[in-house]
Amino acid sequence: MRFTAPTPFLSRPVRVCGIQYGLRPVADFSAFAEQVENYVDVGDDYDSDVIVFPELLAVQLLSCITRDFAPAEAMRRLAEQFTDGFEDLFLRLSTKYDRILVAGTHPRFVDGKLQNVASVFVPGHRPVHQPKLHLTPTERNVWHFEPGHEIHIIDTDFGRMGVSICYDVQFPEVARIQAEQGVQLLVVPYLTDDRRGYSRVTTCARARAVENQIYVVTAGMVGSLPLITDLTAQYAQSGVYTPSDFPFPMDGIATEAAPNSEMVLVGDIDLAVLDQTRAKGSVLNHQDAAQDGLHVTFDGRICMHRLPWLKQTDEPTVPPD
């Protein structure tokens, strides 16, 4: 019998950077912008393709407006006063550094409703805004956010990515729908105030990586804003998580940040390894989920965005011999 070499899986490497952002008072928007750019510059130094910031990144700006507002009013002030500047900042940085930036989340009015929205900035394209679908009691009852009803899929030159904001990753149906739409890189901006909350997010993020045979990148907030309700303490340990199979680290952890320290983490992943594992891994979660009859439906909108992007410094990837 003639030997036939297996079809090679062409490498699709992606370098991801998670910003474990240090929350602290700032004097004005310029100081906030400087801190954000410093982090983007670090990610750029490491030649990161995707840089992920934490949930509610711009709450730092509450320190430079009056503190007399109730929490719900404060979130509305953030949306009213800083949304345009926030978006302009990340549009500029994405273009300047030629990186995909996931700008954490920011309070934003959508059709008159205040939502917690993650924005993804791809050089040369308009931002994609992913609203949070599930709200915690604090978000619903204290900050008065309203849930979104859209799932956005971002199709880049290296593969499809999606966003699951903090609490959303604790609902396996969301990631299942994203994976069914081709997502292989899921980014999770989060904000938790203690280790229990961090554990919920991280445990579920790791489960989503195993269930769907995808990579999951989390980015959390550390530090505090003194005397500002619900923002007086944060806890995070950001990470890059993988399926649990032979091509990956034994514990499914590609890399993790030091707990509760202001820092960045950088990890290299290869989406082609997911293709290989899904085709002939020890377990075939992705295939078997499609055949088990337990299909997931979503009554909102699924929005596909084709956003081609190739770094200016990229060279052709040569497959291994």
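Residues numbered from 1 in each chain as written. Predicted model: local features only at pLDDT ≥ 70, side-chain atom pairs only at ≥ 80, totals over all residues. Heavy atoms only, no water.

Our next topic: the side chain of Glu139. Among the secondary structure elements, Glu139 is positioned in helix α3 (residues 137-142). Classification of Glu139 by relative accessible area gives buried; the value is 2%. Within the structure, the side chain of Glu139 is placed 2.9 Å from the side chain of Asn116, a separation counted as a polar contact. A polar contact of 3.0 Å, which involves the side chain of Glu139, links it to the side chain of Lys132. Not counting the four nearest positions on each side in its chain, Glu139 is found in contact with Glu55, Asn116, Lys132, His134, His144 and Phe145. (Helix = DSSP H or I, 4+ residues; strand = E, 2+ residues; numbered from the N terminus. Buried < 20%, exposed > 50% of the residue type's maximum accessible area, 1.4 Å probe, protein only. Polar contact = N/O pair within 3.5 Å; in protein donor to acceptor, adjacent residues only side chain to side chain. Contact = heavy atoms within 4.5 Å.)

The angle between the axes and the distance between the axes are what describe a pair of packed helices. Remark: helix α1 (residues 29-45) packs on helix α2 (residues 71-97), axes separated minimally by 11 Å, with the N-to-C direction vectors making an angle of 25°. Overall, the two elements α1 and α2 adopt an arrangement that is roughly parallel. Considering the relative orientation of α1 and α2, their crossing is right-handed. Taken together, the residues of α2 that come into contact with α1 (itself represented by Phe29, Phe32, Ala33, Val36, Glu37, Val40, Asp41 and Asp44) are Phe82, Gly85, Phe86, Leu89, Phe90, Arg92, Leu93, Lys96 and Tyr97. (Axes fitted to C-alpha atoms, helices over the stretch in contact; angles between N-to-C directions. Parallel < 35°, antiparallel > 145°, perpendicular 65-115°, else oblique. Left-handed = near helix turned anticlockwise from the far one by under 90°.)

Turning our eyes to something else, we now look at the packing of helix α4 (residues 172-180) against helix α5 (residues 195-212). The interhelical angle for the contact between α4 and α5, taken along N-to-C directions, is 40°, at an axis separation of 10 Å. Classified by the angle between their axes, α4 and α5 sit oblique to one another. In terms of crossing hand, the pair formed by α4 and α5 is right-handed. Contacts from Pro172, Ala175, Arg176 and Ala179 in α4 reach Arg208, Glu211 and Asn212 in α5.

The subject of this paragraph is the sheet that holds strand β6 (residues 150-155). As summarised here, the arrangement of the seven strands in space is β12-β11-β9-β8-β7-β6-β14, forming an open sheet in which the pairing is mixed. Each of the sheet's edge strands pairs with one partner strand only, and the pair in question is β12 (253-256) and β14 (301-306). Each adjacent strand pair in this sheet contributes to an overall mean axis angle of 20°, direction not counted. Inspection of the sheet shows β6 paired to strand β7 (residues 160-163) by two bridges, in the antiparallel sense. Across the sheet, residue Ile154 finds its bridge partner in β7, namely Met161. Relative to strand β8 (residues 183-189), helix α6 (residues 271-280) is tilted by about 120°, and along the sheet it contacts β8 and β9 (215-219). (Pairing = 2+ DSSP bridges.)

On average, residues of the protein chain score 91 in pLDDT, and 93% of them reach the 70 mark or higher. Segment residues 1-6: pLDDT under 50, and zero contacts once partners within four positions in sequence are set aside and those in other chains are kept. The low-confidence segment residues 314-321 (pLDDT under 50) makes two contacts with residues lying over four places distant or belonging to another chain. (pLDDT = per-residue confidence, 0-100.)

Summed over the entire model, instances satisfying the criterion amount to 17 salt bridges. Residue Glu139 pairs with Lys132 through a salt bridge whose shortest N-O separation is 3.0 Å. A salt bridge links Arg160 to Asp155; the shortest N-O distance between them is 3.5 Å. Classification of Arg160 as partly exposed rests on a relative accessible area of 28%. Because the salt bridges share partners, they merge into one network encompassing Asp155, Asp157, Arg160 and Arg306. (Salt bridge = Lys/Arg side-chain N within 4 Å of Asp/Glu carboxyl O.)

Attention now goes to the pairing of β6. For a regular strand, the rule is simple: side chains alternate between the two faces of the sheet. Buried residues dominate β6, accounting for five of its six residues. Pairing geometry for β6 and β14, over six bridges, is parallel. Along β14, the bridge assignment pairs Ile154 with His305. With antiparallel pairing between neighbouring strands as the criterion, β6 and β7 make up a hairpin whose turn holds four residues, including Gly159 at a positive phi of roughly 150°.

Moving on: the packing of aromatic side chains. Applying the stated criterion across every chain, the model contains 13 aromatic pairs. Aromatic pair Tyr198 and Tyr235: ring centres 5.4 Å apart, planes at 50°, arrangement tilted. With Tyr198 in helix α5 and Tyr235 in the loop between β10 (221-223) and β11 (239-241), this pair connects stretches of sequence that are 37 residues apart. Of the two residues examined, Tyr198 and Tyr235, each falls in the buried class. (Phe/Tyr/Trp six-rings, centres within 6.5 Å; stacked < 30°, edge-to-face > 60°.)

On to α6, then. Considered for burial, the residues of α6 that qualify are Leu271, Ala272, Val273, Leu274, Thr277 and Arg278. Summarising the contacts, the buried residues of α6 are in contact with β1 (13-23), β8, α5, β9, β13 (263-270) and α7 (285-291).

Time to look at the environment of Arg92. Locating Arg92 in the fold gives a position in helix α2. Arg92 sits in the partly exposed class, given a relative accessible area of 40%. Separated by 31 residues in the primary sequence, Arg92 and Pro123 place their C-alpha atoms 9.2 Å from one another.

On to the environment of Thr138, then. The residue Thr138 is located in helix α3 in this model. Placed 92 residues apart in sequence, Thr138 and Asp230 show a C-alpha to C-alpha distance of 8.5 Å. When near neighbours in sequence (up to four residues on either side) are disregarded, Thr138 contacts Trp143 and Asp230.

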